[in-house]
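Inside the fold
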Amino acid sequence: MATTPKILTVEGETALLQPIDTYMSGIQSKIDELRSSGTTKVLSLQSSIDAIKSDRLLTKQEREQQIAALQKEMDAAKQVESSRKQQVATLIADGEAYLKAHYDKEYLTPVKESCAAERVVAKEKYQKRLAELEAEHKQLMAKTSDAKEAKEEKYVYKNKQFDAKVTYQLELQRIKDRQHDAAAYRYHLIDLLRMSHFTLAEKLDQRWEAYRYTFNAHDFLLNNGLYIAILLVFAGLCVAAPIVKGTNLLTPQNLLNILQQASPRMFLALGVAGLILQTGTDLSIGRMVGMSMVASTVIMHQGPNTGTIFGVAYDFSGIPVVGRIVMALVVCVALCTFFSAIAGFFTARFKMHWFVSTMANMLVIFGLVTYATKGVSFGAIDPTIPSMVTPKINGFPTIILWAIAAIAIVWFIWNKTTFGKNMFAVGGNPEAAAVSGINVFAVSIGAFLLAGVLYGFGSWLECIRMVGSGSAAYGQGWEMDAIAACVVGGISFTGGIGKISGVTVGVLIFTALTYALTILGIDTNLQFVFSGVIILIAVTLDCLKYVRKK
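Report follows, based on the coordinates.

Time to look at the overall build of the protein chain. Along its length, the protein chain carries 19 helices and 2 strands. Relative to its length of 550 residues, the protein chain is extended, with a C-alpha radius of gyration of 33 Å against a globular reference of 24 Å. Dimensions of the protein chain, computed from C-alpha atoms along their principal axes, come out at roughly 95 × 95 × 60 Å. Across the protein chain, contacts joining residues at least 24 apart in sequence account for 79% of those joining residues at least 6 apart. When the accessible area of the protein chain is evaluated, it comes to approximately 29900 Å², of which 63% is carbon and sulfur surface.

What follows is the structure in structure tokens.
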């Protein structure tokens, strides 16, 4: 017959820990005594030297004299430290061996068993309390004939149920805290022994314990539920592909194709992420892609262009290939930055809604490009250009390296520059940012300008990847993919929340799903439906997180 684990009182737990504390305190006292004129003194002297170095009231000569004197003391302390190093190491090994032999067996395991038993008791008390409340409620309802009194009784009953639930949750948290404290105390003792030096295994164990302690199933599903659902859908597509189409999605070549397709789109998502970070968006991304595709195709075209721009057939074939490549990039970046700046100006200066300013931008760009080109599609670019800009090295498409570089640069801007930190501040609370001295207008314009540069660069890469074929209609719907990738990646429409890593994951997820759906022959229009559903779910989850936070 299984024995019921004993529930430890506070005194009982203290009694279990006392022998361990006594033994470890004895070892720690010996180590501290050995370190007092060695390691401890070295650290103290080093701190004093650092303080003198930063003291601007001292002359150079005074600083050098004081540092020299302290350095002399430090050299002597280091000799003492070196001479006692083996003794300290022996004591540390003794302490670690003792903890390994006694801590789990004599203290941690009984505490864990006690906590498990306490959880069972707490649950039984909670269920008993609910049963008592239900019986009491039924008795009162049986005696009540008045509808108003019955309604009030139901309200009181629900409040009592809620109070019982809160009491139960508080008890569970107390038990959880007790077990966590017992597990963490071991590392406190090791920390004292080794002066905060832990092995890799110990660091990983501490992180796992911290994760288990802070884990909340509701929060986990709220933050990662969409990722899990998308991964399950993708896994289903991977299973269906060999059955339906006789092809395997998870091949090295397909993975490279996904990364290659995602690379230009990464620039677009990184650009609009900065706007979403400030509670905005950009509906003109797709039209900017079409405009840039036309411009770069015309400039990098092989031979004279058959199509015309405002009735003029341009021929840039007389310019060296490298010159045309650079010229196309500059023109793409300039055009996208110009139109982004226009939308940014109206948004920042006149507090116009992002939806209106960027939608107006979208209509203007599409109208101008369609009118200028008569809606025709331009031919291919010089076939030597892709091998110059994005060559394949042993089958590896180097266009992926362009995307990695963009991720690194934008990450640096967001996290290591004043402008990036101001973006988060303005997105989180523009009024508070303005009061603290941040130029909200400049930050908003700057976010649009950064987005324009990224749009232009991404469109230029897309032109090279597709070897031209620019038209005004190219890029239709790309703004939805970019926005969806950001939202799926955790960039919050509530502002001031988001990470570059999230944007990267979002782009890869969307590109992989689109690629898989295309391989399976799913109609493009149905793919739009799929994207729309994902956006709706992602924004709903984001709103739920915001409401819960508030």
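Further remarks concern the packing of helix 8 (residues 252-276) against helix 17 (residues 478-488). Relative orientation of the contacting elements helix 8 and helix 17 amounts to 65°, with a least axis distance of 8 Å. When the axes of helix 8 and helix 17 are compared, the pair comes out roughly perpendicular. Here helix 8 runs over helix 17; the crossing is right-handed. When helix 8 is examined against helix 17, the residues Arg-265, Leu-268, Ala-269, Val-272, Ala-273 and Ile-276 are found in contact with a partner set consisting of Trp-478, Asp-481, Ala-482, Ile-483 and Cys-486.

What follows is about the nonpolar core. In terms of nonpolar packing, the biggest core is built from 98 residues, with Leu-270, Met-300, Trp-414, Tyr-455 and Trp-460 touching the most fellow members. For this core, the element with the most residues is helix 16 (residues 440-465), which contributes 12 residues.

This next bit is on the side chain of Ser-284. Within the fold, Ser-284 resides in the loop between helix 8 and helix 9 (285-299). You can call Ser-284 buried: its relative accessible area is 0%. Discounting chain neighbours no more than four positions away, the residues touching Ser-284 are Thr-358, Asn-361 and Met-362.

The end-to-end C-alpha distance of helix 10 (residues 321-350), which contains 30 residues, comes to 43 Å, matching closely the 44 Å that a straight helix rising 1.5 Å per residue would cover. The first or second residue beyond helix 10 is Lys-351, which carries a positive phi of 55°.

Bringing a nonpolar patch on the surface into the picture now. A contiguous nonpolar patch, built from Trp-208, Tyr-211, Phe-215, Phe-220, Leu-221, Ile-228 and Leu-232 and spanning about 690 Å² of accessible area, is present on the exposed surface. When residues in the nonpolar patch are grouped by element, the largest group, 4 residues, is from helix 7 (residues 217-244). One can find Leu-221 in helix 7.

Across all of its chains, the model carries 14 salt bridges by this definition. One salt bridge in this structure joins Arg-174 and Glu-171, with 2.7 Å as the shortest N-O distance. Linking Arg-174 with Glu-171, this pair stays in helix 5 (residues 147-194), spanning 3 residues, or about one helical turn. What makes Arg-174 partly exposed here is its relative accessible area of 36%. Here Glu-171 falls in the partly exposed class, since its relative accessible area comes to 29%. Arg-324 is the salt-bridge partner of Asp-382, the closest N and O atoms lying 3.5 Å from each other. Linking Asp-382 in the loop between helix 11 (354-373) and helix 12 (384-389) with Arg-324 in helix 10, this pair joins segments that are 58 residues apart in sequence. By the burial criterion, Asp-382 is buried, and Arg-324 matches it. Connected through shared salt-bridge partners, Glu-13, Glu-118, Glu-171, Arg-174 and Arg-178 make up one network.

Definitions and cut-offs
- Residues numbered from 1 in each chain as written.
- Predicted model: local features only at pLDDT ≥ 70, side-chain atom pairs only at ≥ 80, totals over all residues.
- Heavy atoms only, no water.
- Helix = DSSP H or I, 4+ residues; strand = E, 2+ residues; numbered from the N terminus.
- Rg over C-alpha atoms; globule rule 2.2 N^0.38 Å.
- Contact = heavy atoms within 4.5 Å.
- Areas by Shrake-Rupley, 256 points an atom, 1.4 Å probe, with all protein chains shown as cover.
- Axes fitted to C-alpha atoms, helices over the stretch in contact; angles between N-to-C directions.
- Parallel < 35°, antiparallel > 145°, perpendicular 65-115°, else oblique.
- Left-handed = near helix turned anticlockwise from the far one by under 90°.
- Core = buried A, V, L, I, M, F, W, Y, C linked by side-chain atoms within 4.5 Å.
- Buried < 20%, exposed > 50% of the residue type's maximum accessible area, 1.4 Å probe, protein only.
- Expected span 1.5 Å × (residues − 1).
- Patch = residues over 30% accessible without salt bridge, like charges linked within 9 Å, V, L, I, M, F, W, Y side chains within 5 Å.
- Salt bridge = Lys/Arg side-chain N within 4 Å of Asp/Glu carboxyl O.

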